[in-house]
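Each chain, letter by letter, is given below.
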Amino acid sequence: MALSRFASSSRSGSLLKPLSSAISLRRPISTDTTPITLETSVPFTAHQCEAPSRTVQTTANELLTFFRDMALMRRMEIAADSLYKAKLIRGFCHLYDGQEAVAVGMEAALTKKDCIITAYRDHCTFMARGGTLLEVFAELMGRQAGCSRGKGGSMHFYKKDSNFYGGHGIVGAQVPLGCGLAFAQKYSKDEAVTFALYGDGAANQGQLFEALNISALWDLPAILVCENNHYGMGTAEWRAAKSPAYYKRGDYAPGLKVDGMDVLAVKQACTFAKEHALKNGPIILEMDTYRYHGHSMSDPGSTYRTRDEITGVRQERDPIERIRKLILSHDLATEKELKDIEKEVRKEVDDAIAQAKENPVPESSELFTNVYAKGLGVESFGADRKEVRATLP
Amino acid sequence: MAAIFQGVGAAATLSSSPSNSFVPKKFLTSPRRSFCVPSSVVVRSDGSVNFDLNSKSRRAQQLVANAVATKADSSAASSSSNPGHELLLFEALREGLEEEMERDPCVCVMGEDVGHYGGSYKVTKDLAKKFGDLRVLDTPIAENSFTGMGIGAAMTGLRPVVEGMNMGFLLLAFNQISNNCGMLHYTSGGQFTIPIVIRGPGGVGRQLGAEHSQRLESYFQSIPGIQMVACSTPYNAKGLMKAAIRSENPVILFEHVLLYNLKERIPDEDYICNLEEAEMVRPGEHVTILTYSRMRYHVMQAAKTLVNKGYDPEVIDIRSLKPFDLYTIGNSVKKTHRVLIVEECMRTGGIGASLTAAITENFNDYLDAPIMCLSSQDVPTPYAGTLEEWTVVQPAQIVTAVEQLCQ
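Here the structure is a predicted model, which means the values were calculated and not measured.

K.L.:
What should I look at first to understand the overall build of chain A in this one?
P.N.:
When its secondary structure is counted, chain A shows twelve helices and ten strands. When burial is assessed residue by residue, chain A has 58% of its 393 residues classed as buried. Long-range pairs, those at least 24 residues apart, make up 73% of the contacts in chain A with a sequence separation of at least 6. Accessible surface for chain A amounts to roughly 16000 Å². Of this, 53% is attributable to carbon and sulfur atoms.

K.L.:
Just to check I follow, could you spell out the sheet that holds strand β6 (residues 227–230) of chain B for this structure?
P.N.:
Each strand in a sheet pairs with another by means of backbone hydrogen bonds, the pair being arranged parallel or else antiparallel. Residues and elements named next belong to chain B. Strand order in the open sheet formed by seven strands is β3-β2-β4-β5-β7-β6-β12, with mixed pairing between adjacent strands. Strands with a single pairing partner mark the edges of an open sheet, and in this sheet they are β3 (136–138) and β12 (320–322). On average, adjacent strands in this sheet sit at an angle of 20 degrees to one another, irrespective of strand direction. By the bridge criterion, four bridges tie β6 to strand β7 (residues 251–256) in an arrangement that is parallel. Bridge pairing in β7 places Q227 opposite V251. Its contacts with the sheet place helix α6 (residues 143–155) against β2 (107–111), β4 (159–163) and β5 (197–202), and it is angled at close to 165 degrees to β4.

K.L.:
Looking at this structure, I do not really get the packing of helix α6 (residues 174–187) of chain A against helix α7 (residues 206–218) of chain A. What am I missing?
P.N.:
Pairs of packed helices are described in terms of their axes, by the angle between the two and the distance that separates them. Residue and element names in this part refer to chain A. In contact at an axis separation of 8 Å, α6 and α7 are set at 15 degrees when each is read in the N-to-C sense. Considering the angle they form, α6 stands roughly parallel to α7. Crossing hand, α6 versus α7: left-handed. Residues V175, P176, C179, F183 and K186 of α6 form the contact with α7, whose own contacting residues are Q207, L208, A211, S215 and W218. For the contact of α6 with α7, a count of residues per class yields seven nonpolar, two polar and one charged.

K.L.:
I would appreciate a short explanation of the confidence of the model for chain B in the present structure.
P.N.:
The predicted coordinates of low-pLDDT regions are not to be read in fine detail. Mean pLDDT over chain B: 83, with 80% of residues reaching 70 or higher. A low-confidence stretch, residues 1–79 of chain B stays under pLDDT 50, and its non-local contacts, those more than four residues away or across chains, total 110 contacts.

K.L.:
When you look at the UniProt feature "domain: Dehydrogenase E1 component" (unreviewed entry) in chain A in this model, what are you seeing that I'm missing?
P.N.:
Per the UniProt record, "domain: Dehydrogenase E1 component" (unreviewed entry) is found at residues 68–363 of chain A. This span, residues 68–363 of chain A, is 46% helix and 10% strand, and a straight line between its end C-alpha atoms measures 36 Å.

K.L.:
Help me understand the environment of B:C181, please; the structure alone is not making it clear to me.
P.N.:
All names here are of chain B. Inspection of the secondary structure puts C181 in helix α7 (residues 174–182). C181 gets classed as buried once you look at its relative accessible area, which sits at 2%. Distance in space between the C-alpha atoms of C181 and M155 is 9.3 Å, their sequence separation being 26 residues. If sequence neighbours within four positions are ignored, C181 has contacts with I151, Q176, I194, I196, I198, I226 and P250.

K.L.:
Can you help me understand the confidence of the model for chain A in this one?
P.N.:
Chain-level pLDDT for chain A is 88 on average; 88% of the residues reach the 70-or-more range. Considering only residues more than four positions removed or in separate chains, one finds that residues 19–24 of chain A, a stretch of pLDDT under 50, has ten contacts.

K.L.:
Honestly, the packing of aromatic side chains in this entry has me stumped. Any pointers?
P.N.:
Two numbers describe a pair of aromatic rings. These are the distance of the centres and the angle of the planes. All names here are of chain A. The final tally for this structure, using the stated rule, is twelve aromatic pairs over all chains. Joined through ring pairs, the aromatic side chains of Y231, Y290, Y292 and Y304 make up one cluster. For R305, the ring lying beneath its charged end belongs to Y231, and the centroid distance is 5.7 Å. For the cation-ring pair, R314 lies above Y292, with the distance from its terminal atom to the ring centre recorded as 4.1 Å.

K.L.:
Could you clarify how one ought to interpret the UniProt feature "domain: Transketolase-like pyrimidine-binding" (unreviewed entry) in chain B in this entry?
P.N.:
In this structure's numbering, the residues bearing the UniProt feature "domain: Transketolase-like pyrimidine-binding" (unreviewed entry) are residues 87–262 of chain B. The annotated region residues 87–262 of chain B carries 36% helix and 18% strand content, and the separation between its end C-alpha atoms amounts to 8 Å.

K.L.:
Teacher, can you tell me more about the interface of chain A and chain B here?
P.N.:
Much of the literature gives interface size as the accessible area that the parts lose upon coming together. With 51 residues of chain A at the interface, the matching set in chain B holds 62 residues. Of the roughly 4700 Å² buried between chain A and chain B, counting both surfaces, carbon and sulfur atoms make up 65%. For the pair chain A and chain B, the interface holds zero salt bridges. Where chain A meets chain B, there are 17 residue pairs in polar contact (both at pLDDT 80 or more). Sorting the residues of the side of chain A that touches chain B by element identifies α6 and α7 of chain A as the ones contributing at least two each. Broken down by element, the side of chain A that touches chain B gets its largest block of residues, nine residues, from α6(A). Looking at the side of chain A that touches chain B residue by residue, the classes come out as 29 nonpolar, twelve polar and ten charged.

K.L.:
What is the right way to look at the state of the cysteines in this model?
P.N.:
By definition, a disulfide links the sulfur atoms of two cysteines through a covalent bond. Residues and elements named next belong to chain A. Overall, the coordinates contain zero disulfides over all chains when judged by the stated rule. The thiol of C270 is unpaired, and the distance to the nearest cysteine sulfur, on C226, comes to 13 Å. Of the residues examined, C270 reaches a relative accessible area of 0% and is grouped as buried.

K.L.:
I'm lost on the environment of A:C270 in this one. Help?
P.N.:
Residues and elements named next belong to chain A. If you trace the backbone, C270 turns up in helix α9 (residues 263–280). On a C-alpha basis, the gap between C270 and E309 in space is 28 Å, while along the polypeptide they are 39 residues apart. Sequence-distant contacts of C270, defined by excluding residues within four places in its chain, comprise M106, A109, F195, L285 and M287.

K.L.:
Would you mind showing me how to read the sheet that holds strand β11 (residues 313–317) of chain B here?
P.N.:
Residues and elements named next belong to chain B. The strand order β9-β11-β10-β13-β14 describes an open sheet built from five strands, whose pairing is mixed. Both outer strands of the open sheet, β9 (279–282) and β14 (372–376), are each paired with one neighbouring strand and no more. Averaged over neighbouring strand pairs, the angle between their axes works out to 25 degrees when direction is ignored. Where strand β10 (residues 287–291) and β11 come together, five bridges link them in parallel fashion. Bridge pairing in β11 places V287 opposite P313. Contacts from helix α11 (residues 295–308) reach β9, β10, β11 and β13 (339–346), with the element oriented near 170 degrees to β11.

About the cut-offs
- Residues numbered from 1 in each chain as written.
- Chains lettered and ligands numbered in written order.
- Predicted model: local features only at pLDDT ≥ 70, side-chain atom pairs only at ≥ 80, totals over all residues.
- Heavy atoms only, no water.
- Helix = DSSP H or I, 4+ residues; strand = E, 2+ residues; numbered from the N terminus.
- Buried < 20%, exposed > 50% of the residue type's maximum accessible area, 1.4 Å probe, protein only.
- Contact = heavy atoms within 4.5 Å.
- Areas by Shrake-Rupley, 256 points an atom, 1.4 Å probe, with all protein chains shown as cover.
- Pairing = 2+ DSSP bridges.
- Axes fitted to C-alpha atoms, helices over the stretch in contact; angles between N-to-C directions.
- Parallel < 35°, antiparallel > 145°, perpendicular 65-115°, else oblique.
- Left-handed = near helix turned anticlockwise from the far one by under 90°.
- Nonpolar A, V, L, I, M, F, W, Y, C, P; charged D, E, K, R; others polar.
- pLDDT = per-residue confidence, 0-100.
- UniProt positions renumbered as here; feature names shortened; annotations may be inferred.
- Phe/Tyr/Trp six-rings, centres within 6.5 Å; stacked < 30°, edge-to-face > 60°.
- Lys NZ or Arg CZ within 6 Å of the ring centre and 35° of its normal.
- Buried area = accessible area lost by both parts, 1.4 Å probe.
- Salt bridge = Lys/Arg side-chain N within 4 Å of Asp/Glu carboxyl O.
- Polar contact = N/O pair within 3.5 Å; in protein donor to acceptor, adjacent residues only side chain to side chain.
- Disulfide = S-S within 2.5 Å.

Spelled out as structure tokens, the structure:
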């Protein structure tokens, strides 16, 4: 039944073509680690380098993990949408649904020693780096259990122990920070790399080119990843960039254009980029992806693009649907099992939200903590201190 | 009574430095505390010379040098038997930087022409030869990005010292300094500290033109999460540089273009100046004059005239621009009841404006007269020498102000 549904699907352009199917018997949810070889839907386009092969190796276990992780992220973002409309999340909320493949594929190619830094659309990247749902929802609702103790908000998620450096509100400013992280890795001889993510809107910032120049001069293991969802808030890429070939704009720096809705392609590209950066310095990856929501919750997302476009992408290129079809076509799990996973994930998200709602708001004294790192035993209350205490450490 | 100290305080930060495998050198608190022994350290001029108050700038420079030499002599008399060594302010900065780089391998320097060229004001001369290109980094002219890179590196535990060739150029990096440097510790809920030092020369120089004579301390002062200090003598330059590097917080160290060639004798021993402490330059009874950086020398020059006229001004170099050392300042106000602030910032929104507000809020009851604040004019600094002179506060104006205040 799974196969027949697969066969009847006429939108085959984006389906992965199996070269060999290692599994002939249908089994319950597979934790099999026998390698499966597949081809990515589109080949990579390269600039100033050799593109990696289209052929990727994966396992049943990995595919199911991808499915689960992306389903979790999708559910989380949709739940955040409802919470925002219920006024439990305030301010700015930028949702990542549609782009999950980039976060999940990237994480699969890296270790926790590698650093990731991104802009404000960071909920899913934070999750991929090992964040918990409670930390996400508590931070979004401004509660104590949030990853930044409720003081950062949607745009300031950080996880130091997994080398996730956030979470930045000002467009483009995170890229020089990312190159600084790469510099520190080179300085300390870490043999790790930094992925600095930015969007197509940020790609026109001067500081990117400055940072790329310095990274190339100093041979830093920096990978600049442009998550090109084709719209910088309300401005389409062709209206903002004279040259929307973002992977080529590094000029002297090699670049690779990747189908960002294909998690296996993302993983392959990131593995390639990591190897490249450790030997040859910076490289640019352009992830061709799409966001279903508007730029943020205040943007309906339909004034600058048609609903047909959005549904079209959802039908043809959705990352979760791809993996679902792949799993079903290879008989790695049944339709029902996948639905069960989705139900499980939904329950997890609901539980986390309930828990986060119970969580208290920060104490008022938290207003003044973490302004400065403690040193000399002095507490600081702003430029003119009402009380000056100097205690020896 | 809170202990005011110069030195030991950085121990807390030493232990948290991740890859510091050095045993910290024992550092002594310097005996050169000019306020602790009132009888021996009051700087009284010889008295007889009546300075021409409309003196040209060159004469002023000679007088500045005199003021320093006098101070050094008197404090040398009261210091320990160790004679110390004499050097210029930029050399003191370099010494501080070099000692910290030797002590902690995480300290690195980045800036334009700091490496092979040796620094445009020679603060980093020969450091690249000694420590290599990975620790003393020549950057392209891209302040926004290399300041951002310094901040990113600091997030992982490195301790970069970012040099702005002129403080004014750091306006290009304002976003990085304000949003990332100042705020990341807070917005990450304390996960990241940014132990970066941003330093560079600023202030009005010798006919450098409007864009190269800016006073950035007034623009940066509202940024939460950063500390700002201004050095004025070789002694405090070295001490503040070392304290800033050891601090876990981002520190902006303001130097002044005209003070780099000041000469002073400083101790041979390792010492650090407290980042949040003001310096008592000259204790007195009649009026508290608060100043910092180059204006300290104009104030001391005016002090000579004032002493001749029978006034006894108390001069405090506030050094810490953010946060203010309200302890020292408050004690002084309680003693003298009159305050004059002499600063190089512009009238509008400068350090003087904030300091006036802070003192009024906290010590209003102790004031016998409204606070007077002498600042630079709210104009772009002109090129013509005479006009430039009138942009900043001159000793004559300080004398007049004190006379007015003490009526």
